[in-house]
Amino acid sequence: MNSKKNVPIYEMTATISNGLAQSKINSTEVEDVVMSLGIARIQINSTNNPDYPYPLVADVYAGDLLELGVSDPNHVYTVLKSMAVEIQDRKVITEDTKNGILDVYTVVPKTRYIDGKGHLKLFFAPDIRKDIIGLEDNFTTYSIYKLAILKSPGAKALYKNLQAITYKIPKGKNRCFDYQVRISELKFTLGFASIDNEEVQKVIMKNKKTPEKIDWDYLYENLPPKEKKYERKQNFENNVIIPCQQEFKDKCDFAFDYEFKKEGRSYKYILFHIYKNKPKEEYATLGKILSKHPLDETKTLATLNAFYTEFEGHNDLTEKNIEDFLNDASYDLDLVRMAIQLADDYGYEKINNYVGWIRSAIKGKWPGENGKGKQATKMPVMSDNQAERCLALAKKGTTYEKFISALEMEGVYLGKLYEMYSALEILEMYGRYLRKEPIFEENANG
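K.L.:
Teacher, can you tell me more about the packing of helix 16 (residues 333–346) against helix 17 (residues 354–362) here?
P.N.:
Two quantities define a packed helix pair, namely the angle between the helix axes and the distance between the axes. The N-to-C vectors of helix 16 and helix 17 enclose an angle of 130°; their axes lie 9 Å apart at closest approach. On the basis of the axis angle, helix 16 is oblique to helix 17. Between helix 16 and helix 17 the crossing geometry is right-handed. Residue-level inspection shows L335, V336, A339, I340, L342, A343, D344 and Y346 of helix 16 in contact with helix 17, the latter providing Y354, W357, I358, A361 and I362.

This is the structure we're talking about:
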């Protein structure tokens with residue numbers, strides 16, 4: 001099975017053990033998304049069969065990173081190529097939630113980058129099988145798309161960490177589940193303290209069977225400054241916790257409030273109050289759009305996000321207006337852009353219903369000034385460029401096909417039409433056809 005073609009990224013989910021969801025790993029934000037995508041593709045190909053043979057290989061493409069909005073066209077090949085080397089160093093510390101024993105392994109010990117193709121092959125370690133294949137309980141499922149749109153420092157790791165316990169949120173309105181974790185340990189989990197440090201590794205290996213004996217405060221305090229971030233509580237709160245809190249409220253189906261707790265005179269714990277949440281409509285809508293209208297490689301998630309950013313607020317257009325335009329145009333972004341430009345050329349102040357005007361134009365109708373969806377019979381004065389754009393829009397409508405058939409009855413065939421007449425002249429003929437008048441002026445004059 002070619003999972004890249006058969007399952008769109010916006011529909012992909014990864015299912016991992018709760019131990020892996022709450023693991024500690026020094027991966028970058030992009031690496032986190034790429035590894036999650038690789039796991040999702042292995043699960044698609046294996047159909048969750050516990051006897052699925054080795055090696056556990058997944059394909060990741062430059063187009064995937066663009067579609068998920070975690071890279072840009074100018075750097076995506078460089079990012080993917082460098083990742084082929086760097087990702088092989090990423091060790092993970094997981095805890096078996098059944099017996100409490102720690103496991104330490106390199107997630108992706110081998111990669112292969114195919115030059116000129118933007119194609120990275122990930123060879124996952126045999127150790128990860130128990131955490132991603134044949135899971136029957138104690139697992140977490142999360143959306144690759146939702147993971148990718150989280151941008152705050154530590155947000156992706158925190159999302160998986162808390163997702164693993166959202167099932168504990170009590171049913172009912174305004175209910176939450178309280179989850180307390182030591183701040184120093186959370187920093188290791190979120191990648192703000194290095195688990196690759198030699199002394200840290202020694203302590204972890206010594207206490208694999210007794211993880212409760214690990215003194216995370218001691219390990220964090222004794223790390224070299226270059227191997228840890230956000231040491232001060234205020235720094236950690238302002239740069240990580242508060243941005244994550246806001247982003248989860250905006251984008252996720254669960255969110256959290258929090259409070260820091262003291263042990264003695266120092267803040268040592270953070271208590272999360274996790275509750276169910278309804279994300280902002282703009283993020284929920286984007287997911288719905290993608291699920292209903294798969295985009296080809298030229299219309300990636302990043303491109304669609306940029307399109308919304310470009311036009312939201314333009315002449316008071318709302319996100320809902322843009323969504324309607326895209327639906328009308330079957331997600332032809334160029335067609336929507338052309339219709340908006342044509343409306344602007346015609347004159348925003350002259351159009352009573354700007355949104356209706358654009359929607360009519362997208363549907364191949366010349367809307368006139370009122371923009372109420374009726375085909376106008378009066379052609380306005382326009383420049384050659386406006387005429388070209390208007391004609392391109394008119395061609396999208398079924399009425400235009402009937403107009404072409406009528407022209408052929410008059411002996412003017414499509415192959416010669418655009419050689420014989422300008423765009424403005426064709427539009428004038430089209431207007432006469434809509435008014436049920438003779439197409440050619442000489443016939444009209446008798």
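Now that the structure has been shown, we can carry on.
K.L.:
How do you make sense of the packing of helix 8 (residues 155–163) against helix 12 (residues 233–251) when you look at a structure like this?
P.N.:
Direction vectors running N to C along helix 8 and helix 12 enclose 65°, while the axes themselves pass 10 Å from each other. Between helix 8 and helix 12 lies a crossing of right-handed hand. Residues A155, L158, Y159 and L162 of helix 8 form the contact with helix 12, whose own contacting residues are C244, E247 and F248. Split into classes, the residues belonging to the contact of helix 8 with helix 12 amount to six nonpolar, no polar and one charged.

K.L.:
Whenever I open this one, the pattern of salt bridges confuses me. Can you help?
P.N.:
Note that side chains of opposite charge can pair when their charged atoms are close. If you walk through the whole model with that rule in mind, you get 25 salt bridges. One connected set of salt bridges, linked through shared partners, spans R182, D217, E221, E263 and K268.

K.L.:
Help me out: how do you make sense of the sheet that holds strand 6 (residues 110–114) in this one?
P.N.:
Working definition: the strands of a sheet are paired by backbone hydrogen bonds and lie parallel or antiparallel to each other. Strand order in the open sheet made by the three strands is 3-7-6, with antiparallel pairing throughout. Strands at the two margins of the open sheet, each flanked by one partner only, are strand 3 (56–61) and strand 6. Each adjacent strand pair in this sheet contributes to an overall mean axis angle of 20°, direction not counted. In terms of strand pairing, strand 6 meets strand 7 (residues 119–124) through five bridges, oriented antiparallel. Residue pairing across strands places R112 opposite K121, the latter belonging to strand 7. Its contacts with the sheet place helix 3 (residues 29–46) against strand 3 and strand 7, and it is angled at close to 125° to strand 3. Sheet strands touched by helix 5 (residues 76–86): strand 3, strand 6 and strand 7. Its angle to strand 6, the strand with the most contacts, is close to 150°.

K.L.:
For this particular structure, what's the right way to read the layout of surface pockets?
P.N.:
In this approach the atoms are scanned with a rolling probe the size of a water molecule, which exposes any empty space left behind. In this model, the largest pocket occupies a volume close to 600 Å³. For the largest pocket, the lining is made up of 30 residues, of which Q22, K24, E95, Y179 and E185 are closest to its centre. Secondary structure elements with two or more residues in the lining of the largest pocket: helix 2 (18–21), strand 4 (91–95), strand 9 (176–182) and helix 9 (183–189). It is strand 9 that contributes the most residues to the lining of the largest pocket, six residues altogether. The residue inventory of the lining of the largest pocket, partitioned by class, reads eleven nonpolar, eleven polar and eight charged. Considered as a void within the structure, the second largest pocket measures approximately 510 Å³ in volume. Counting residues per element, the ones that place at least two in the lining of the second largest pocket are helix 2, helix 3 and helix 8. In terms of residue count, the dominant contributor to the lining of the second largest pocket is helix 3 (five residues). For the lining of the second largest pocket, the residue count by class is 15 nonpolar, nine polar and eight charged.

K.L.:
Explain the nonpolar core to me, please; I cannot follow it from the model alone.
P.N.:
Side chains of nonpolar character tend, in soluble globular proteins, to be buried together. Grouped together as the largest cluster of nonpolar side chains are 74 residues, with contacts concentrated most on F124, L162, F236, F248 and F272. Considering each element in turn, this core owes the most residues, eight residues, to helix 3. Setting aside residues up to four positions removed in sequence, F236 forms contacts with I183, L186, K187, L190, F192, Y230, I241 and F260. Judged by nonpolar contacts, the second largest core, of 43 residues, contains A361, L391, V412 and L417.

K.L.:
Is there a simple way to explain unusual backbone geometry in this structure?
P.N.:
Of note in this structure, Y230 is not a glycine but carries a positive phi near 55°. Structurally, Y230 is set in the loop between helix 11 (216–221) and helix 12. The exposure class assigned to Y230 is buried, which follows from its relative accessible area of 17%. The phi dihedral of D316 falls on the positive side, at around 70°, and the residue is not glycine. Mapped onto the elements of the fold, D316 is located in the loop between helix 14 (301–311) and helix 15 (319–328). You can call D316 exposed: its relative accessible area is 62%.

K.L.:
Would you mind showing me how to read the environment of V240 here?
P.N.:
For V240, the position within the fold is in helix 12. In this structure, the C-alpha to C-alpha distance between V240 and S152, residues 88 residues apart in sequence, is 6.9 Å. If sequence neighbours within four positions are ignored, V240 has contacts with P153, L190, F192, Y230 and N235.

K.L.:
Would you mind going over the side chain of S23 with me for this structure?
P.N.:
Secondary-structure assignment places S23 in the loop between helix 2 and strand 2 (24–25). Within the local environment of S23, its side chain forms a polar contact with the backbone oxygen of L20, the two atoms lying 2.7 Å apart. Contact partners of S23, with chain neighbours within four places excluded, come to V92, I93, T94 and T189.

K.L.:
What exactly am I supposed to notice about the packing of aromatic side chains here?
P.N.:
Counted by the stated rule, this structure contains 14 aromatic pairs. Look at F188 and Y220: their rings are 6.4 Å apart centre to centre, the planes differ by 80°, and that puts the pair in the edge-to-face class. Here the residue F188 occupies a position in helix 9, and Y220 occupies one in helix 11, the gap between them amounting to 32 residues. Each member of the pair, F188 as well as Y220, is classed as buried. Here the aromatic residues Y159, Y179, F248, F254, F256 and F272 are joined through ring pairs into a cluster of three or more. Over the aromatic face of W216 sits the side chain of K24, whose NZ or CZ is 5.0 Å from the ring centroid. When the ring centre of F123 is taken as reference, the NZ or CZ atom of K110 above it lies at 4.7 Å.

Calculation rules
- Residues numbered from 1 in each chain as written.
- Predicted model: local features only at pLDDT ≥ 70, side-chain atom pairs only at ≥ 80, totals over all residues.
- Heavy atoms only, no water.
- Axes fitted to C-alpha atoms, helices over the stretch in contact; angles between N-to-C directions.
- Helix = DSSP H or I, 4+ residues; strand = E, 2+ residues; numbered from the N terminus.
- Parallel < 35°, antiparallel > 145°, perpendicular 65-115°, else oblique.
- Left-handed = near helix turned anticlockwise from the far one by under 90°.
- Contact = heavy atoms within 4.5 Å.
- Nonpolar A, V, L, I, M, F, W, Y, C, P; charged D, E, K, R; others polar.
- Salt bridge = Lys/Arg side-chain N within 4 Å of Asp/Glu carboxyl O.
- Pairing = 2+ DSSP bridges.
- 1 Å grid on protein atoms, 1.4 Å probe; cavity = no way out; pocket = protein on both sides within 12 Å on 5 of 7 lines; lining within 4 Å.
- Points joined across faces, edges and corners; volume = space filled by probe spheres on them.
- Core = buried A, V, L, I, M, F, W, Y, C linked by side-chain atoms within 4.5 Å.
- Buried < 20%, exposed > 50% of the residue type's maximum accessible area, 1.4 Å probe, protein only.
- Polar contact = N/O pair within 3.5 Å; in protein donor to acceptor, adjacent residues only side chain to side chain.
- Phe/Tyr/Trp six-rings, centres within 6.5 Å; stacked < 30°, edge-to-face > 60°.
- Lys NZ or Arg CZ within 6 Å of the ring centre and 35° of its normal.

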